[in-house]
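Okay, here's what each chain looks like letter by letter:
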Amino acid sequence: MDHQLSPGLYIVATPIGNLGDITLRAVETLRGVAAIACEDTRVTGKLLNHLGIKKRMIRYDDHASEYDRDKLLALLAEQPVALVSDAGTPLISDPGYRLVKLAREAGIVVTSLPGPSAAVVALTLAGLPSDRFLFAGFLPSKDKARRDVLAELAAVPATLVFYETAPRLDDSLAAIDVVLPGREVGVARELTKKFEECRTGSPEELRAHYAAHPPKGEIVLLVGPPAEPTADSFDIDAMLRAELETEKPSQAAGKVAKLTGLDRKVLYARALELK
Ligand code: SAM
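Everything numeric here is computed off the predicted structure, so don't read it as measured data.

Asks: Any chance you could break down the pattern of salt bridges for me, citing the residues and the numbers?
Replies: Enumeration over the complete set of coordinates arrives at 15 salt bridges. Among the ionic pairs, aspartate 148 bridges to lysine 144, the shortest N-O distance being 2.7 Å. Here lysine 144 and aspartate 148 lie together in helix H6 (residues 143-153), a separation of 4 residues that amounts to about one turn. With a relative accessible area of 40%, aspartate 148 lands in the partly exposed category. Salt bridges sharing common partners tie together Asp143, Arg146 and Arg147.

As structure tokens, then:
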């Protein structure tokens with residue numbers, strides 16, 4: 001197989017728990033590359049052992065020295081090299097971004113072999129809207145920073161997906177309860193593993209459940225999108241009055257319609273009343 005792979009960088013997704021979730025192409029590629037760049041040689045060594053593959057491993061993360069990265073780039077230009085992370089898809093809250101950017105800039109071929117990623121598995125499981133989602137990595141560990149990030153995302157009309165750790169779950173649920181009140185939340189835990197579970201509910205319900213059953217293992221936290229705006233969501237009169245100071249009723253109605261998504265004709269009628 002060695003001779004079939006051209007030089008370049010092969011991004012290879014690996015299982016997030018269930019070793020059966022590796023693709024045939026991933027196995028063939030890991031067999032065929034000259035070396036495998038990985039976060040932790042012990043973790044990747046175990047996977048390779050399971051697959052019966054012996055291969056040179058090179059430790060790599062985005063904090064690697066320029067010297068190490070240049071050496072890896074020189075190797076990629078000459079030989080096929082895979083990049084894997086400890087679990088899941090490289091670059092998704094895992095190393096690889098810098099390497100891919102530099103490899104592309106250097107004209108080196110980069111290809112990506114799709115496979116598991118906890119964010120996507122959680123989204124397919126939670127029963128929250130999946131037509132639009134925003135993946136936001138890990139929330140900050142400090143309370144103020146965590147609330148600031150949640151506030152920044154409050155108006156995004158999409159399901160929010162975060163990576164989370166068991167010890168911080170309660171703090172994050174408490175912050176969501178305050179900053180994003182009324183949202184449906186999902187906790188997807190130990191995906192693809194023996195004790196996989198996915199619970200949805202209000203932050204309050206989930207906090208009560210996990211206070212009684214302390215969570216273990218790996219977690220993806222999901223927050224449903226904000227409710228569709230209604231006239232009650234906005235102080236329409238105040239918005240129209242502000243616009244009417246400089247605009248005609250029809251223009252004021254148009255601007256407020258754009259901002260709120262509410263019906264322009266209804267807003268126009270109200271603007272005429274206010275004028
Ligand atoms: N690159 C990986 C991916 O594509 O899923 C994610 C790496 S990130 C460093 C690790 C985080 O992913 C964990 O802290 C957890 O939030 C989430 N995660 C990974 N495996 C998981 C699993 N089996 N079940 C739930 N969450 C998981």
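Asks: A description of the environment of valine 120 should follow, citing residues and the corresponding values.
Replies: Positionally, valine 120 belongs in helix H5 (residues 118-125). Sequence spacing of valine 120 and phenylalanine 133 is 13 residues, and the spatial spacing of their C-alpha atoms is 9.7 Å.

Asks: Account for the sheet that holds strand S4 (residues 80-83), with residues named and values stated.
Replies: Taken together, the 5 strands give an open sheet; going across it, the order is S3-S2-S4-S1-S5, and neighbouring strands pair in parallel fashion. The two strands at the open ends of the sheet, each matched to only one other strand, are strand S3 (56-59) and strand S5 (110-113). In this sheet, adjacent strand axes meet at a mean angle of 25° when their direction is disregarded. When strand S1 (residues 8-12) meets S5, the two strands line up parallel, connected through 4 bridges. Bridge pairing links valine 12 to leucine 113 in S5. Across the face of the sheet, helix H2 (residues 41-51) comes into contact with strand S2 (35-38) and S3 while running at roughly 155° to S3.

Asks: Now, about the domain arrangement of the protein chain: what can you tell me, with residues and values included?
Replies: Partitioning the protein chain into domains gives domain 1 (8-116), domain 2 (119-223) and domain 3 (231-274). Once you take the C-alpha centre of each, domain 1 and domain 3 turn out to be 54 Å apart.

Asks: Any details on the nonpolar core? Residues and values, ideally.
Replies: Among the nonpolar cores identified, the biggest contains 18 residues, and Leu150, Phe162, Leu169, Ile176, Val187 and Leu221 are the most heavily contacted of them. Mapped onto this core, the elements with two or more residues apiece are H6, strand S7 (159-165), helix H7 (169-179), strand S8 (185-189), helix H8 (203-212) and strand S10 (218-223). With 4 residues, the single largest contributor to this core is H7. Leucine 169 has contacts with Glu164, Val187, Tyr210, Pro215, Ile219 and Leu221, leaving out every residue within four places of it along the chain.

Asks: Which residues make up the sheet that holds S7, and what are the values?
Replies: In spatial order, the strands read S6-S7-S10-S8-S9; together these 5 strands make up an open sheet with mixed pairing. Strands at the two margins of the open sheet, each flanked by one partner only, are strand S6 (133-138) and strand S9 (197-201). Going across the sheet, the axis of each strand differs from the next one's by a mean of 20°, ignoring polarity. The pairing of S8 with S9 spans 5 bridges and is antiparallel.

Asks: With reference to specific residues and values, describe the packing of aromatic side chains.
Replies: Summed over the entire model, instances satisfying the criterion amount to 2 aromatic pairs. Measuring from centroid to centroid gives 4.9 Å for phenylalanine 135 and tyrosine 163, while their planes differ by 65°, and the two rings are edge-to-face. Of this pair, phenylalanine 135 sits in strand S6 while tyrosine 163 sits in strand S7, placing them 28 residues apart in sequence. Members of the aromatic cluster, each reached through a chain of ring pairs, are Phe135, Phe138 and Tyr163.

Asks: Account for the site of the ligand, with residues named and values stated.
Replies: Residues in close proximity to the ligand total 19 residues, the closest being Ile92, Asp94, Ser117, Ala118 and Ile219. At a separation of 3.2 Å, an oxygen atom of the ligand approaches a polar backbone atom of glutamate 164. Leucine 191 has a polar backbone atom sitting 2.8 Å from a nitrogen atom of the ligand. Protein contact buries 90% of the 570 Å² of open area that the ligand shows by itself. Those elements that provide at least two residues to the shell around the ligand are S7 and S10. Sorting elements by how many residues they give to the shell around the ligand places S10 first, with 3 residues. Residue composition of the shell around the ligand, grouped by class: 10 nonpolar, 4 polar and 5 charged. When we break the shell around the ligand down by domain, the ones giving at least three residues each are domain 1 (8-116) and domain 2 (119-223).

Asks: Residues and numbers for the packing of helix H3 (residues 66-78) against helix H4 (residues 97-105), please.
Replies: One can describe the packing of H3 onto H4 by two numbers: an axis separation of 11 Å at closest approach and a directional angle of 50°. Viewed along their axes, H3 and H4 adopt a mutual orientation that is oblique. The element H3 and its partner H4 pack so that their crossing is right-handed. Counting all contacts with H3, which are made through Arg69, Leu72, Leu73 and Leu76, the residues of H4 involved are Arg98, Leu99, Leu102 and Ala103. Class assignment for the residues of the contact of H3 with H4 results in 6 nonpolar, no polar and 2 charged.

Here is what the cut-offs are and how they apply
- Residues numbered from 1 in each chain as written.
- Predicted model: local features only at pLDDT ≥ 70, side-chain atom pairs only at ≥ 80, totals over all residues.
- Heavy atoms only, no water.
- Salt bridge = Lys/Arg side-chain N within 4 Å of Asp/Glu carboxyl O.
- Helix = DSSP H or I, 4+ residues; strand = E, 2+ residues; numbered from the N terminus.
- Buried < 20%, exposed > 50% of the residue type's maximum accessible area, 1.4 Å probe, protein only.
- Pairing = 2+ DSSP bridges.
- Axes fitted to C-alpha atoms, helices over the stretch in contact; angles between N-to-C directions.
- Contact = heavy atoms within 4.5 Å.
- Domains from an automatic or database assignment.
- Core = buried A, V, L, I, M, F, W, Y, C linked by side-chain atoms within 4.5 Å.
- Phe/Tyr/Trp six-rings, centres within 6.5 Å; stacked < 30°, edge-to-face > 60°.
- Near = heavy atom within 4 Å.
- Polar contact = N/O pair within 3.5 Å; in protein donor to acceptor, adjacent residues only side chain to side chain.
- Areas by Shrake-Rupley, 256 points an atom, 1.4 Å probe, with all protein chains shown as cover.
- Nonpolar A, V, L, I, M, F, W, Y, C, P; charged D, E, K, R; others polar.
- Parallel < 35°, antiparallel > 145°, perpendicular 65-115°, else oblique.
- Left-handed = near helix turned anticlockwise from the far one by under 90°.

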